[in-house]
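Summary of the model geometry
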Amino acid sequence: MEKLAIFGGNPVRTTPLSYGKQYIDREDIAAVTEALISPELTCGPRIAELERKLCEVTGAKYAVAVSNGTAALHLAALAAGFQEGDEVIVSPITFAASANCILYCGARPVFADIDPETYNIDPQAIEKRITPRTKGIVAVDFTGQSIEQDAIREICRKHGLAFIEDAAHAIGTRYRGQSVGSMADMTCFSFHPVKTVTAGEGGAITTNDIERYRRLLRLRAHGITRNREEMAHPTDALWYNEQVELGFNYRMTDIQAALLISQLDKLTAFAERRKEIVAKYDRAFSEMPELKVQREIPESDTVRHLYILRLNPDRLTCDRRQFFDALRGENIYSQVHYLPVYWHSYYEKLGYEKGLCPNAEAYYQEVMSLPLYYALTDEDVEDVIHAVRKILAYYRR
């Protein structure tokens, strides 16, 4: 209540506006219902249908649906061959899973700083982190904007590195007209409810490499195969399967696949609405010297998952926490993406210290994510802009 009092009067909204939310319609519900009454709830025909659809959307030759985005990253790291003693370069501004997948394999994450304007990993910073132990890069399409694909692919080619793209934010994004999901050695997607399309939970890996594809299929299902060519003791018995390596139960259900297939039918509409909202925000906030707007590289046709509002501390009397709390007082619920991964206490115990990536650390102190999702109305967007203006008027130097 104190926050409301300092700005005077009533909040901009009477009901809270969350930063992200799924959109489910009757077609989605019907698809899930049909899956529920079908003979197979998991390992059924909808998985293959979904994987074909993901190939159509991304332009990749192969897709492997899995239980969530973290599982996708884990399997990609395993298929890349990361192991104990290896180093793998990753951005610090991402969800922890982007780095955790490296630890799962016994390798060590090495954090390379971000570009201070795009917030994606900086190719020049990657070059500075490469050592004889470096075996790969996990590059994150943060907020949905494509990484600098050409530069990172060239670094990987020059140094013989595996290239994993974490596209958890970037379904539908294109780079130089080519869909994200078809350019890296392996690309990982997440279908969490706040993403552009959702399976409830769910993930996928896309690749153009048939050997990696076959291994990913095994790894998601305990390392067990029915392919006689992969067996040590093949037989023509229809019931026989064989575990040929240590894998995991990272399978997606047909119920989730049914929802995601239906959601992907709406990807174009979801993408266009997100672009409209981002354009409205950019027009409004670019005129405010107290704020910094994320720069988009011209090569990226971005479907934005997150809209980042960045404060200019030289022009404000408040810090990010005060601004965040003031927005909440106006019933605009924002979020912060992300704490630099190596600032987490677990990573501190592993020996990582503050100061590794100055651009990322400065970014973290100044940002928050504003509401961005398909169901936002124009009135909702105007409420967000009005609330930001109101707070800036109070805290402006």
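Residues numbered from 1 in each chain as written. Predicted model: local features only at pLDDT ≥ 70, side-chain atom pairs only at ≥ 80, totals over all residues. Heavy atoms only, no water.

We now examine the sheet that holds strand E12 (residues 291-293). The strand order E12-E14-E15 describes an open sheet built from 3 strands, whose pairing is antiparallel. With one partner strand each, in any of the chains shown, E12 and strand E15 (367-370) form the two edges of the open sheet. Along the sheet, successive strands turn relative to each other by an average axial angle of 35°, direction set aside. Looking at chain direction, E12 and strand E14 (residues 307-311) are connected through 3 bridges and run antiparallel. (Pairing = 2+ DSSP bridges. Helix = DSSP H or I, 4+ residues; strand = E, 2+ residues; numbered from the N terminus. Axes fitted to C-alpha atoms, helices over the stretch in contact; angles between N-to-C directions.)

Quick look at the packing of aromatic side chains now. On inspection of all chains with the given rule, the structure shows 21 aromatic pairs. Look at Tyr62 and Tyr213: their rings are 4.6 Å apart centre to centre, the planes differ by 15°, and that puts the pair in the stacked class. Here the residue Tyr62 occupies a position in strand E1 (residues 62-66), and Tyr213 occupies one in helix H8 (residues 210-219), the gap between them amounting to 151 residues. Ring plane angle 90° and centroid distance 5.0 Å describe the contact between Tyr394 and Tyr395, whose orientation is recorded as edge-to-face. Assessed through its relative accessible area of 43%, Tyr394 is described here as partly exposed. Here Tyr395 falls in the buried class, since its relative accessible area comes to 7%. One aromatic cluster in this structure is built from Phe95, Tyr119, Phe142, Tyr338 and Tyr363. Over the ring of Tyr364 we find Arg320; its NZ or CZ atom is 4.7 Å from the centre of that ring. Between Lys354 and the ring centre of Trp343, over which it is positioned, the NZ or CZ distance is 4.2 Å. (Phe/Tyr/Trp six-rings, centres within 6.5 Å; stacked < 30°, edge-to-face > 60°. Buried < 20%, exposed > 50% of the residue type's maximum accessible area, 1.4 Å probe, protein only. Lys NZ or Arg CZ within 6 Å of the ring centre and 35° of its normal.)

Moving on to the nonpolar core. The biggest cluster of nonpolar side chains holds 49 residues, and the ones touching the most others in it are Phe82, Phe111, Phe142, Ile205 and Tyr363. Of the residues forming this core, the biggest block, 8 residues, is contributed by helix H4 (residues 69-79). Not counting chain neighbours up to four residues away, the residues in contact with Tyr363 comprise Ile93, Ile114, Tyr119, Phe142, Ile308, Arg310, His337 and Tyr338. (Core = buried A, V, L, I, M, F, W, Y, C linked by side-chain atoms within 4.5 Å. Contact = heavy atoms within 4.5 Å.)

Take unusual backbone geometry next. Residue Tyr338 follows His337 across a cis peptide bond; omega there is 0°. Position of Tyr338 relative to the elements: it lies in the loop between helix H11 (320-329) and helix H12 (345-349). Phi is positive for His222, close to 70°, though the residue is something other than glycine. You can see His222 is positioned in the loop between H8 and strand E10 (224-225). Not every positive phi belongs to a glycine, and Asn331 is a case in point at roughly 70°. The exposure class of Asn331 is buried, given its relative accessible area of 14%.

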